Amino acid sequence: MNRVLEDILRTGYTKTVDGESIKINSNISREEGGFLQEIINELKPTRTLEIGLAYGVSALFICDALAKIPSARHVIIDPCQGSQDLWKGVGLRNLTVAGFQDMIEFYEQPSHIALPRLISEGREIDFAFIDGAHAFDYALVDFFCVDYLLRTNGVVVFDDTGMPAIQRLCRFIITNRAYTVLRYFPYNNEASSKGYSKRRLFKKASQLSPVAKRVFKYEYAKPEVDLSLGLPGSQCIAFRKNAADTRAWNFYHDF
Ligand SMILES: C[S@@+](CC[C@H](N)C(=O)[O-])C[C@H]1O[C@@H](n2cnc3c(N)ncnc32)[C@H](O)[C@@H]1O
């Protein structure tokens, strides 16, 4: 593993451009980073994209895995990287110190501005990690645009899939778009967490009659869909794009 990334994970701290030590936050965990790297090792993407840089932890994991792939390039989008109240340019600095500066292309813009430009340039990507603004509409626009860039058989990964807005978006993807779940993280949390009893309830709910299902709260009325997403419990979901979008103009499936 890259030395810069290893140091950040071991200490929980990183350095600003001025040498000030700051505690990291908002980053993915070592295990989630391993999840991303495993997918990259299998997929061997040469064009990747990430929304949400922060202190650069996920980008370091992605670039660390991409370093083994000849001519791989990574696009990163984050409007707040240079903000002195937030990330203070630390993510970009970490990527440079780690030696990945020639591999990355950075846009300091909101993703809803940067992504349409990449689409209009005819760009294609093989892999995307979406971890930017987590409000439903922003995350949906991220997915919508990433889908235009993503080639068939490419993979898009969402972080924070336990959050209601992202969970709902994942339901939309699996029910309305030509995507399937490649895998989710954690893979197997059933035995250890309260997710286990909720999952049992889900399984039971899926066997109920449609009328009985309706009296359940919404979250419990979609057990088949949520089980396929590893919900409740999963924090990260990877979807594979199976085909280009061929839906009728008025297609809609409840999600
Ligand atoms: C949870 S943090 C990302 C953490 C990072 N992926 C990691 O693991 O180290 C969310 C990031 O999204 C960025 N962000 C917020 N609004 C955004 C937007 N509209 N477009 C792109 N990025 C955005 C924030 O500046 C922040 O860096």
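That block above? That's the structure.
Here the residue numbering is sequential within each chain, running from 1 through the sequence in written order. Per-residue local features are limited, in this predicted model, to residues with pLDDT of at least 70; the limit for side-chain atom pairs, both in listing and counting, is 80 or more; totals at the level of whole chains, interfaces and linings are taken over all residues. Heavy atoms from the whole structure form the basis of all side-chain values; hydrogens and water molecules are not counted.

(A) Main features of the pairing of strand β5 (residues 104-107). Note: strand β4 (residues 73-77) against β5, four bridges, orientation parallel. The residue of β5 that forms the bridge with I77 is Y107. Traced from β4 through helix α4 (residues 90-97) to β5, the parallel crossover comes out right-handed. Think of it this way: DSSP has to see at least two bridges between two strands before they count as a pair. In this text, helices come from DSSP runs of H or I with a minimum length of four residues, and strands from runs of E with a minimum of two, each type numbered from the N-terminal end. Viewed with both strands pointing away, a crossover whose connecting path from the first strand over the helix to the second turns clockwise is right-handed.

(B) Main features of unusual backbone geometry. Here the amide bond leading from F185 into P186 is cis, since omega sits at -5°, within 30 degrees of zero. Tracing the chain through its elements places P186 in the loop between β8 (179-185) and α8 (195-206). For the peptide bond that leads from L231 to P232, omega is -5°, which places it in the cis range. Mapped onto the elements, P232 comes out in the loop between α10 (223-228) and β9 (236-241). Notably, S26 is not glycine yet its phi reads approximately 70°, a positive angle. In this structure, S26 sits in the loop between β2 (21-23) and α2 (30-43).

(C) Structural view of the sheet that holds strand β7 (residues 150-159). Taken together, the seven strands give an open sheet; going across it, the order is β5-β4-β3-β6-β7-β9-β8, and neighbouring strands pair in mixed fashion. Whereas interior strands pair on both sides, the edge strands pair on one side only; in this sheet they are β5 and β8. Across this sheet, the average inter-strand angle for adjacent strands is 15°, counted without regard to direction. Sheet analysis places strand β6 (residues 125-130) next to β7, joined by five bridges and oriented parallel. From the neighbouring strand, I125 faces β7, where its bridge partner is L150. Docked against the sheet, helix α5 (residues 111-120) engages β3 (47-51), β4 and β5, running at close to 145° with respect to β4. Against the sheet, helix α7 (residues 164-176) engages β7, β8 and β9, with an angle of about 160° to β7. Axis definition: a line fit to C-alpha positions, over the contact stretch in the case of helices; interaxial angles, taken between N-to-C directions, run 0 to 180 degrees. Contact definition: two residues touch when any of their heavy atoms are within 4.5 Å.

(D) View of the packing of helix α1 (residues 3-11) against helix α3 (residues 57-66). Relative orientation of the contacting elements α1 and α3 amounts to 140°, with a least axis distance of 10 Å. On the basis of the axis angle, α1 is oblique to α3. The two elements α1 and α3 cross, and the hand of that crossing is left-handed. Mapping the contact onto sequence places V4, L5, I8 and L9 in α1 and V57, L60 and F61 in α3. Gly falls in the polar group here, along with every residue not listed as nonpolar (Ala, Val, Leu, Ile, Met, Phe, Trp, Tyr, Cys, Pro) or charged (Asp, Glu, Lys, Arg). A per-class count over the contact of α1 with α3 returns seven nonpolar, no polar and no charged. Oblique is the label for any angle not under 35 degrees, not over 145, and not in the 65 to 115 range, which are roughly parallel, roughly antiparallel and roughly perpendicular in turn. Note on convention: the crossing is left-handed when the near helix lies turned anticlockwise from the far helix by less than a right angle, right-handed when the turn is clockwise.

(E) View of the pattern of salt bridges. Whenever Lys or Arg places a side-chain nitrogen within 4 Å of a carboxyl oxygen from Asp or Glu, that contact is recorded as a salt bridge. What the rule picks out here adds up to 14 salt bridges. We note a salt bridge from D126 to R151, for which the minimum N-O separation is 2.5 Å. Of this pair, D126 sits in strand β6 while R151 sits in strand β7; the two residues are 25 residues apart in sequence, bridging distant segments of the chain. Notably, a salt bridge pairs K241 with D147, separated by 3.3 Å at the nearest N-O pair. Residue K241 is found in strand β9, and its partner D147 is found in helix α6 (residues 136-149); the two are separated by 94 residues along the sequence.

(F) Focus on the site of the ligand. For this purpose, a residue is taken to be near a molecule or strand whenever a single non-hydrogen atom of the residue falls within 4 Å of it. Taken together, 18 residues surround the ligand, and among them I28, G52, S58, D78 and D131 come closest. For every accessible area listed, the method is Shrake-Rupley and the probe measures 1.4 Å; residues are considered covered only by the protein chains on display. In isolation the ligand exposes 600 Å². Once the protein is present, 88% of that is buried.

(G) Quick look at the packing of aromatic side chains. Between the rings of Phe, Tyr and Trp (Trp by its six-membered ring), a pair exists once the centres lie within 6.5 Å; its type follows the angle of the planes, with under 30 degrees stacked, over 60 edge-to-face, and the other angles tilted. Going through the model one piece at a time under the given rule, you end up with eight aromatic pairs. Through pairs of rings, three or more aromatic residues link up here, namely F143, F158, Y179 and F239.

(H) Here's a closer look at the side chain of Q81. With respect to the secondary-structure elements, Q81 resides in the loop between β4 and α4. With a 1.4 Å probe rolled over the protein chains alone, any residue whose accessible area is under 20% of its type maximum counts as buried; one over 50% counts as exposed, and the rest are partly exposed. A residue is classified by how much of its surface remains accessible, and Q81, at 0% relative accessible area, is buried.

(I) Local environment of the nonpolar core. Take the buried Ala, Val, Leu, Ile, Met, Phe, Trp, Tyr and Cys residues and link them wherever side-chain atoms come within 4.5 Å; each set so joined is a nonpolar core. Counting 40 residues, the largest nonpolar core has F35, L36, V57, L60, L95, F127 and V157 as the members making the most contacts within it. At the level of secondary structure, the elements contributing two or more residues to this core comprise α1, α2, α3, α4, β6, β7 and β9. No other element matches the eight residues that α3 contributes to this core. Among all residues touching V57, those that are not within four sequence positions of it are L5, I8, L9, I24, N27 and I28.

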